[in-house]
Amino acid sequence: IAEEIEEAYGVNVDVVGVGDAPVDASARVLLAAMREALVNAGKHSGADKVDVYLELDDREISVFVRDRGSGFDPSLVSSDRRGLSDSIVGRLQRSGGRAVIRSAPGEGTEVQLTIARPTDAAPLADAVETPVAAPSIGAPSETRPRRRARRKART
């Protein structure tokens, strides 16, 4: 997702993740909302960098998407604009998660996304130690080192 946003919007996406677990239905919902937050930052913030912090534990997955761009007043977003209300907040609410959007003009934006891990999910320690063929959330991507090298070349 980070590479897609970097290429589409010319913004650097710096991802830090703590924990690792297979991508399940909850994680897919959260990742889709995170992608929308990144698209919004790439399109609207004017920032040249977006930070993503991802944390997984046995109970929940949390993501923070932060830019230091132009910011906006969330209360002034028109009801016909679906990115925030449906693609981020609504998507998480429909799956039992929550989204908090903090922003102000000139102050940048932070989007906090949280969703519970399924009650039948393996404890995080088991998920980290067990090789999994399916994609996992939080695991470093094979493309990440190449992207960081490219990012350093841009500055």
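Residues numbered from 1 in each chain as written. Predicted model: local features only at pLDDT ≥ 70, side-chain atom pairs only at ≥ 80, totals over all residues. Heavy atoms only, no water.

## Notes on the packing of aromatic side chains
Per the stated rule, a full pass over the model turns up one aromatic pair. Seen in terms of ring centroids, Y53 and F64 are 6.3 Å apart; in terms of plane orientation they differ by 35°. Their pairing is tilted. Linking Y53 in strand 3 (residues 49-56) with F64 in strand 4 (residues 60-67), this pair joins segments that are eleven residues apart in sequence. By relative accessible area, which is 31% here, Y53 ends up partly exposed. (Phe/Tyr/Trp six-rings, centres within 6.5 Å; stacked < 30°, edge-to-face > 60°. Helix = DSSP H or I, 4+ residues; strand = E, 2+ residues; numbered from the N terminus. Buried < 20%, exposed > 50% of the residue type's maximum accessible area, 1.4 Å probe, protein only.)

## Structural notes on the layout of surface pockets
Put simply, the second largest pocket is a space of about 430 Å³. Lining the second largest pocket are 22 residues, and of these N40, A41, H44, F72 and L84 sit closest to its centre. If you list the elements that add at least two residues to the lining of the second largest pocket, you get helix 2 (25-45), strand 4, helix 3 (82-94) and strand 6 (109-116). By residue number, the principal contributor to the lining of the second largest pocket is helix 2, which donates eight residues. Of the residues contributing to the lining of the second largest pocket, the split by class is nine nonpolar, seven polar and six charged. (1 Å grid on protein atoms, 1.4 Å probe; cavity = no way out; pocket = protein on both sides within 12 Å on 5 of 7 lines; lining within 4 Å. Points joined across faces, edges and corners; volume = space filled by probe spheres on them. Nonpolar A, V, L, I, M, F, W, Y, C, P; charged D, E, K, R; others polar.)

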